[in-house]
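Chain by chain, the residues:
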Amino acid sequence: MKKFLALVLAGVMCFGVVAMAAPSPASSSVSGNSVVVTVISETPHTTPASTTSPVAVQAAAENMTVEEFVNNTVASVPGVEDAIPVGVPSGAIINGVKANYSILMTKSTKAVAAEAATLGKKVLNVFALRNKPAGEVQISLYSPKVVAGQKISVYQKIDGKWVLCKSSVRAEHIDVILVGNGPVAVVLN
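Residues numbered from 1 in each chain as written. Predicted model: local features only at pLDDT ≥ 70, side-chain atom pairs only at ≥ 80, totals over all residues. Heavy atoms only, no water.

A. How the structure looks around the overall build of the chain. When its secondary structure is counted, the chain shows four helices and 12 strands. When burial is assessed residue by residue, the chain has 31% of its 189 residues classed as buried. Carbon and sulfur atoms make up 61% of the accessible area of the chain, which amounts to about 12200 Å² in all. (Helix = DSSP H or I, 4+ residues; strand = E, 2+ residues; numbered from the N terminus. Buried < 20%, exposed > 50% of the residue type's maximum accessible area, 1.4 Å probe, protein only. Areas by Shrake-Rupley, 256 points an atom, 1.4 Å probe, with all protein chains shown as cover.)

Here it is in structure tokens:
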């Protein structure tokens, strides 16, 4: 009996879908000044991001490209030549508790990059944080340019001074513990 009901239900659903589909009007049935246009495209319609789109406006407010903003990455930094792209994937350990929380990045200014250069090391990237929660936060910085065992350090500007953060380097990642809300500098030792 259950199989019979399932077949009847499947038949009703098929009939209902066919009954709801409206036929396309033939060109002979369109009269007067009416125009029917049907656009079917196999590729998605893409247009360049304009300053009027909400994402473009938010990206511009953070001094980022749309790609950087959407991917939570900083690929180029004013005042840093040959900056390596750095992104922060979702997930963090906040005050010792693993959370599905994303630390959001924003581009740093040329002045902050110049301050990071005073560390006496080659600056690879400098970025600011938009939403770091209070306390200690451990995140992974993703960069395809990072090689396991590479001598990289991470500094964070806290109370006007660049402070060395606890960090470790693995293939394509730098795991770092942030304790403040200031800008972050990734440097090559």
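B. How the structure looks around the side chain of Ser153. Checked against the element boundaries, Ser153 lands in strand 8 (residues 152–158). Here Ser153 falls in the buried class, since its relative accessible area comes to 9%. Side-chain polar atoms of Ser153 contact the side chain of Asn189, separated by 2.8 Å. (Polar contact = N/O pair within 3.5 Å; in protein donor to acceptor, adjacent residues only side chain to side chain.)

C. Spotlight on the sheet that holds strand 12 (residues 184–188). Pairing in this open sheet of five strands is antiparallel, and the strands run 5-6-12-8-9 from one edge to the other. If you trace the sheet from one side to the other, it starts and ends with strand 5 (105–107) and strand 9 (161–164), each paired once. Between one strand axis and the next, the sheet turns through 35 degrees on average, direction left out of account. Here three bridges tie strand 5 to strand 6 (residues 122–129), and the two strands are oriented antiparallel to one another. Looking across to strand 6, one finds that Lys107 is bridged to Phe127. (Pairing = 2+ DSSP bridges. Axes fitted to C-alpha atoms, helices over the stretch in contact; angles between N-to-C directions.)

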